[in-house]
Amino acid sequence: FHKIHRVHDKLYVGLSGLATDCLTLASQFTEHCNLFSLRENRDITPKMFSKLAASMLYEKRFGPYFAVPLIAGIDAAGTPHIASMDCIGALTTTDNFLCAGTASETLRGACEAYWEPDMEPARLADVALSCLRAGMDRDALSGWGAEVIIITPRGVTAKRAEARQD
Amino acid sequence: PGIFRSMDSVIGLVGKDYVLIAADRNVAHSIVVVRSDFDKIMPLDATKMMGITGEPGDPVQFGEYVQKNLKLHQLTYDVDLPCQAVASFIRTELASALRQRPYQVNIVFGGVDRPHKDLGAAAGADVSVASAESTPVASPVPAPEYVSPPRPMLYHIDYLGSMVEVPFTAQGYAGHFLFGTLDKYWKPGMNLEEGKAVLARCLHELKTRFLLQPTEFCCKCASVEGISTWIEAAQ
């Protein structure tokens, strides 16, 4: 089950939470961003997209989507951005790492330990997979494997890892 | 809304170029079996079907809604929708109804895609008749040519609108018993005899271990030729 959805070549969003709301949000994000690129003849930037996602979620403030998006992308200048929010759109942007999902607390600890600034893409992928494995192994509701998407100015690669099948 | 645990079992599995769906034939109201020859698998068009169960009333209501909307789409646009599109349609209807008037239905949707160059599959039958009668001049609408082998697809869609494409699935209490069995015995690319053998194992498992086991299952196989139906008794 893929939880990372492509918005455009340099922008991906991971969605965790209630599966039906994740699928609904994924198609709504794609719809809005496709319309944006048709109107403005350029791809939406990560910063703009995070604000869009936050306001879409806040629109449902009193009947929310039970999904938490985690947005990652590279803008036109080549700067990477990540952003996350809660299920009603309280936006956080950082320059190091963000975690979402049932194992988010465990992941945060693992990321804090392994993350360093200015890592190469290959190293970043390995670090991300190690953090995911560490977080997932201790969480009953997560597991069955991990997937990492690495977005670079040159292109996008995906990596999969096996994990405990329980 | 609470999860309505209906006593219905629906099993689906994908084979080489077909999809098998089996559903039990009982309609129960509390401890009484009201009817034991009910067909829970609705055909959506010539090569697609869905096993639909849930709170009494909703399966028929939602099932017919989907069936008729698909027929309308086919009549309006003269195109055979691929399975993925139909599954998305079903999911979107369930998800958008979720926060107003949720349907309590769980669906196992299966079908076979026939990817072909000209998507005028609905007109395919008419074209072959016309070209038989006409003089040897190229008919204006070419007959559909199949560019790739038929692709069977199976989707599990639950009452919230969560959808996932699966190689096999079981719905209801049957899932508790059968995911293990299917994990072990299902393999990709099975022909029809092998698929029926796996299905027979599943029914045997239910008969042996499930307290409320149904005696008979209505089984349907969707392939490019169409949907064939038969009744299978659990051994």
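Residues numbered from 1 in each chain as written. Chains lettered and ligands numbered in written order. Predicted model: local features only at pLDDT ≥ 70, side-chain atom pairs only at ≥ 80, totals over all residues. Heavy atoms only, no water.

A.B. asks: I would appreciate a short explanation of the confidence of the model for chain B in the present structure.
C.D. replies: When pLDDT drops low, the exact placement of atoms in the prediction is not to be read closely. Residue and element names in this part refer to chain B. For chain B, the mean per-residue pLDDT works out to 83, and 84% of the residues sit at or above 70. Here helix α3 (residues 124-133) is the element of chain B with the lowest mean pLDDT, 39, and strand β1 (residues 10-14) is the one with the highest, 95. Under a pLDDT of 50 for its full length, residues 118-140 has, in the predicted model, 18 contacts with residues more than four places off or in other chains. (pLDDT = per-residue confidence, 0-100. Helix = DSSP H or I, 4+ residues; strand = E, 2+ residues; numbered from the N terminus. Contact = heavy atoms within 4.5 Å.)

A.B. asks: Is there a simple way to explain the sheet that holds strand β2 (residues 18-24) of chain B in this structure?
C.D. replies: Residue and element names in this part refer to chain B. What the 5 strands build is an open sheet, ordered β10-β1-β2-β11-β12; its pairing is antiparallel. The two strands at the open ends of the sheet, each matched to only one other strand, are β10 (168-171) and β12 (226-233). With strand direction ignored, the average angle separating the axes of adjacent strands in the sheet is 15°. In this fold helix α4 (residues 174-185) packs onto β1 and β10, with an angle of close to 165° to the strand it touches most, β10. (Pairing = 2+ DSSP bridges. Axes fitted to C-alpha atoms, helices over the stretch in contact; angles between N-to-C directions.)

A.B. asks: I'm lost on the nonpolar core in this one. Help?
C.D. replies: The nonpolar side chains of a soluble globular protein tend to be buried with one another. All names here are of chain B. If you look at the biggest cluster of nonpolar residues, it comprises 23 residues, and the most contacted ones within it are Ile 11, Leu 13, Leu 20, Leu 178, Leu 182, Leu 206 and Phe 217. Elements with a contribution of two residues or more to this core: β1, β2, β10, α4, α5 (192-209) and β11 (216-223). The element best represented in this core is α5, accounting for 5 residues. Among residues more than four places away in sequence, those in contact with Leu 206 are Ser 9, Ile 11, Ala 174, Phe 177, Leu 178, Gln 213 and Phe 217. Formed by 22 residues, the second largest nonpolar core is a distinct cluster that contains Met 50, Val 86, Tyr 103 and Met 153. (Core = buried A, V, L, I, M, F, W, Y, C linked by side-chain atoms within 4.5 Å. Buried < 20%, exposed > 50% of the residue type's maximum accessible area, 1.4 Å probe, protein only.)

A.B. asks: Would you mind going over the packing of aromatic side chains with me for this structure?
C.D. replies: Any pair of aromatic rings gets described here by the distance separating the centres and the angle formed by the planes. Residues and elements named next belong to chain B. A complete count under the given rule lists 8 aromatic pairs over all chains for this structure. Ring centres of Phe 62 and Tyr 103 lie 4.7 Å apart, and the angle between their planes is 50°; on these two criteria the pair is classed as tilted. Of the two residues, Phe 62 sits in helix α1 (residues 58-77) while Tyr 103 sits in the loop between α2 (83-98) and β7 (105-113), which places them 41 residues apart along the sequence. For the pair Phe 62 and Tyr 103, one class covers both residues: buried. For the ring pair Tyr 173 and Phe 210, a centre distance of 6.2 Å and an interplane angle of 50° mean the geometry is tilted. Here Tyr 173 is found in the loop between β10 and α4, whereas its partner Phe 210 is found in the loop between α5 and β11, with 37 residues between them in sequence. Residue Phe 210 is classed as buried on the basis of its relative accessible area of 7%. Connected via pairs of aromatic rings, a cluster forms that spans Phe 62, Tyr 65 and Tyr 103. One cation-aromatic arrangement involves Lys 184 over Tyr 185; the distance from NZ or CZ to the ring centre is 5.9 Å. A cation over a ring is seen here: Arg 201 above Tyr 185, with NZ or CZ 3.9 Å from the ring centre. (Phe/Tyr/Trp six-rings, centres within 6.5 Å; stacked < 30°, edge-to-face > 60°. Lys NZ or Arg CZ within 6 Å of the ring centre and 35° of its normal.)

A.B. asks: For this particular structure, what's the right way to read the interface of chain A and chain B?
C.D. replies: For an interface, size is often stated in terms of accessible area lost upon the parts coming together. Between chain A and chain B, the contact holds 11 residues from the first and 9 residues from the second. Buried surface at the junction of chain A and chain B, summed over both partners, amounts to about 670 Å²; 52% is from carbon and sulfur atoms. In terms of surface lost to chain B, no three residues of chain A exceed Phe 1, Thr 20 and Leu 23 of chain A, which account for 55% of the buried area on that side. Our count for the contact surface shared by chain A and chain B stands at 1 salt bridge. Inspection of the chain A/chain B interface yields 7 residue pairs in polar contact (both at pLDDT 80 or more). Taken together, the residues of the side of chain A that touches chain B break down into 7 nonpolar, 3 polar and 1 charged. (Buried area = accessible area lost by both parts, 1.4 Å probe. Salt bridge = Lys/Arg side-chain N within 4 Å of Asp/Glu carboxyl O. Polar contact = N/O pair within 3.5 Å; in protein donor to acceptor, adjacent residues only side chain to side chain. Nonpolar A, V, L, I, M, F, W, Y, C, P; charged D, E, K, R; others polar.)

A.B. asks: Sorry, what's going on with the packing of helix α1 (residues 19-40) of chain A against α2 of chain B here?
C.D. replies: Between two packed helices, both the angle of their axes relative to each other and the distance between the axes serve to describe the pair. Interhelical geometry of α1 of chain A versus α2 of chain B gives an angle of 110° and a closest axis separation of 11 Å. Here α1 of chain A lies roughly perpendicular to α2 of chain B, going by the angle between them. Between α1 of chain A and α2 of chain B, the residues in contact are Thr 20, Leu 23 and Thr 24 of chain A and Arg 91, Ala 95 and Leu 98 of chain B, respectively. Residues belonging to the contact of α1 of chain A with α2 of chain B are distributed by class as follows: 3 nonpolar, 2 polar and 1 charged. (Parallel < 35°, antiparallel > 145°, perpendicular 65-115°, else oblique.)

A.B. asks: Can you walk me through the environment of Ala 122 of chain A in this structure?
C.D. replies: Residues and elements named next belong to chain A. Looking at the element boundaries, Ala 122 is found in helix α4 (residues 121-137). Assessed through its relative accessible area of 56%, Ala 122 is described here as exposed. Put simply, Ala 122 and Lys 159 are 37 residues apart on the chain and 9.9 Å apart in space, counted from C-alpha to C-alpha.

A.B. asks: How should I be thinking about α2 of chain B in this particular structure?
C.D. replies: A rise of 1.5 Å per residue sets the reference length of α2 of chain B, with its 16 residues, at 22 Å; its end C-alpha atoms lie 22 Å apart and thus fit the reference within 8%. Buried within α2 of chain B are the following residues: Cys 83, Val 86, Ala 87, Ile 90, Arg 91, Leu 94, Ala 95, Ala 97 and Leu 98 of chain B. (Expected span 1.5 Å × (residues − 1).)

A.B. asks: I'm lost on the pattern of salt bridges in this one. Help?
C.D. replies: Pairing between side chains of opposite charge can happen when their charged atoms approach one another. One pass over the full model with this rule turns up 14 salt bridges over all chains. For the salt bridge of Asp 9 of chain A with Arg 6 of chain A, the shortest nitrogen-to-oxygen distance reads 3.0 Å. Its relative accessible area of 44% is what places Arg 6 of chain A among the partly exposed residues. Taking the shortest distance from any N to any O, the salt bridge between Asp 45 of chain B and Lys 48 of chain B comes out at 3.3 Å. A relative accessible area of 2% means that Lys 48 of chain B is categorised as buried. Here the salt bridges share partners, and the residues they tie into one network are Asp 8, Asp 24 and Lys 40 of chain B.

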